[in-house]
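Descriptive structure summary
What follows is each chain in one-letter form.
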Amino acid sequence: MGQIQHHITELYRILPERFRDRVNLQESTEIRMRVRQPLIVETNTKEYVYTDCIIQKEDIQECLQYASEYSIYAFQENIRQGFLTIQGGHRIGVCGQVIIQNQKIQLQQNISFLNIRVAHEIIGCADEVMSFLYEGGLAHTLILSPPGCGKTTILRDIIVHLSNGWGGHAGKRVAVVDERSEIAACHQGVPQNQMGIRTDVIDNCPKAEGIRLLVRAMNPEIIAVDEIGTAQDAEAIVYSIRTGCVMIGTVHAESVAQAQENPMLHHLISPSLFSKCIVLDDTKEKGHVQYCVDLKHKNRTENI
Amino acid sequence: MILRIMGAVFVLVGMTYAGVLAIYRMQVRLACLQAFETSFVFMQQELQFAQIRMAQVCIHIAEAIQNQIVREFYKEFAAQLQSKEKQKFSQLWIWKIRECQKQAYLTAADITILSEVGAIPFCLDGAAQAKMIGQVDEHLKRHTEALRIQIEQKRKLYQYGGAIAGVFIVILLL
């Protein structure tokens, strides 16, 4: 399917010192730390519960110290949003006591739960859909799947191919609005994942503002976004399409029909806007392409 | 007789030197503590307004501080923070403070106050973090002021006392 790249060296460094020699992080996908509970390491196939590694509050603090490079005060906004991205592209979800002001989360404190999601980019996972993307010319494309089926991973690989050029096609200027730091996994503004030689990334920015900024500032040919779902997202996307940029985005949906039922999206999925759709599932493996649809030319390709 | 005179001169010079050395060490110690005071003020400003990483804060401080010992301290501490081998901040800080103890002639009381920075809990906002460092800075200021007064009072005693003690011993010897 593709070459999986793991960057686990950084993960060992951010673990509390007393656990580093006792835990095996090979093939891990998630590391869970919960106060007064054992450390848990999840892989694709198994869950390892380290009963001799009971997490204390000090361990959470120590982990955050290392993850924030001894500068937790500089991650206040990230903590408020519930995650921070470290070198290597790994994301640490944080959960604690929330302070609400004006019905919005102002701050999180007393962090007691960490979910370390191990970054893994699968290089080449979008090879099978690139021909479909280029067929008849690049068009606005949506990638649809239920949660956890590899939309973001495939989107990332598509971005790299479009940016670098693929199959004799010239590379394009790609701009990415990485609202949740999941696509490029920027650490201090530097993408930790491969993004291609012609790709610009705006990190941790709402899609609507990010799209407008990129169109004004970076002169992109293609704009990529993740998880389109709100009316503001849809509005910004229509604005971007009108400027002549090709849009590539992802949506939570099991099928094109289901996506069209979403009132925010149904007007976007049409021959004049998002005319190409790639639908994923995890029946065989994560990121399995169920079918591709070209609404303009009324083509449907099954089981690529 | 010549030996006695030589011995007497040796004792006189030695006692005077001891007095001057004691004052010199106190002045080095005072200069270092004052440099640390300045560095804590810098640190507060950087944390409150710049929101940059602690290692970078230490590098900026090292560039701004004139005192050689404290400048090297922050340079090396920044290198430790950026090292791939992660250790707790408190451990690293106390370890580096103890390393410069000899060079700066710091006493146990000085170490105790300076170590307080390592013990500061990590705050989720820059203003609170800066305030905590400010409290250590206040404590250090009082301590440094007391040391400065002590040096003023003892300067003449050490400088001339050494010589007077030397003369007294010389008279005894002769």
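The structure this text deals with has already been given above.
Let's shift gears to the pattern of salt bridges. Residue and element names in this part refer to chain A. Overall, the coordinates contain 19 salt bridges over all chains when judged by the stated rule. The shortest N-O distance in the salt bridge between glutamate 30 and arginine 32 comes to 3.1 Å. The class of arginine 32 is partly exposed, set by a relative accessible area of 23%. A salt bridge links glutamate 227 to arginine 180, with the nearest nitrogen and oxygen atoms 3.5 Å apart. In this pair, glutamate 227 sits in the loop between strand S14 (222–225) and helix H7 (231–242) while arginine 180 sits in the loop between strand S10 (174–178) and strand S11 (186–187), placing the two residues 47 residues apart along the sequence. Judged by relative accessible area, which is 18%, glutamate 227 ranks as buried. Judged by its relative accessible area of 42%, arginine 180 falls in the partly exposed class. Taken together, the salt bridges that share partners define one network made up of Arg91, Arg117 and Glu182.

All names here are of chain A. When strand S3 (residues 38–43) meets strand S4 (residues 47–54), the two strands line up antiparallel, connected through five bridges. When the bridges of S4 are listed, isoleucine 40 appears paired with valine 49. The antiparallel pairing of S3 with S4 creates a hairpin that spans three residues between the two strands.

Residues and elements named next belong to chain A. Running from amino to carboxyl end, helix H6 (residues 207–217) crosses H7 at an angle of 15°, the nearest separation of the two axes being 8 Å. With respect to each other, H6 and H7 are oriented roughly parallel. For the pair H6 and H7, the sense of crossing is left-handed. Across from Lys207, Ala208, Ile211, Arg212 and Val215 in H6, the residues of H7 making contact are Gln232, Asp233, Glu235, Ala236, Ile237, Tyr239 and Ser240. Looking at the contact of H6 with H7 residue by residue, the classes come out as six nonpolar, two polar and four charged.

Thresholds applied
- Residues numbered from 1 in each chain as written.
- Chains lettered and ligands numbered in written order.
- Predicted model: local features only at pLDDT ≥ 70, side-chain atom pairs only at ≥ 80, totals over all residues.
- Heavy atoms only, no water.
- Salt bridge = Lys/Arg side-chain N within 4 Å of Asp/Glu carboxyl O.
- Buried < 20%, exposed > 50% of the residue type's maximum accessible area, 1.4 Å probe, protein only.
- Helix = DSSP H or I, 4+ residues; strand = E, 2+ residues; numbered from the N terminus.
- Pairing = 2+ DSSP bridges.
- Axes fitted to C-alpha atoms, helices over the stretch in contact; angles between N-to-C directions.
- Parallel < 35°, antiparallel > 145°, perpendicular 65-115°, else oblique.
- Left-handed = near helix turned anticlockwise from the far one by under 90°.
- Contact = heavy atoms within 4.5 Å.
- Nonpolar A, V, L, I, M, F, W, Y, C, P; charged D, E, K, R; others polar.

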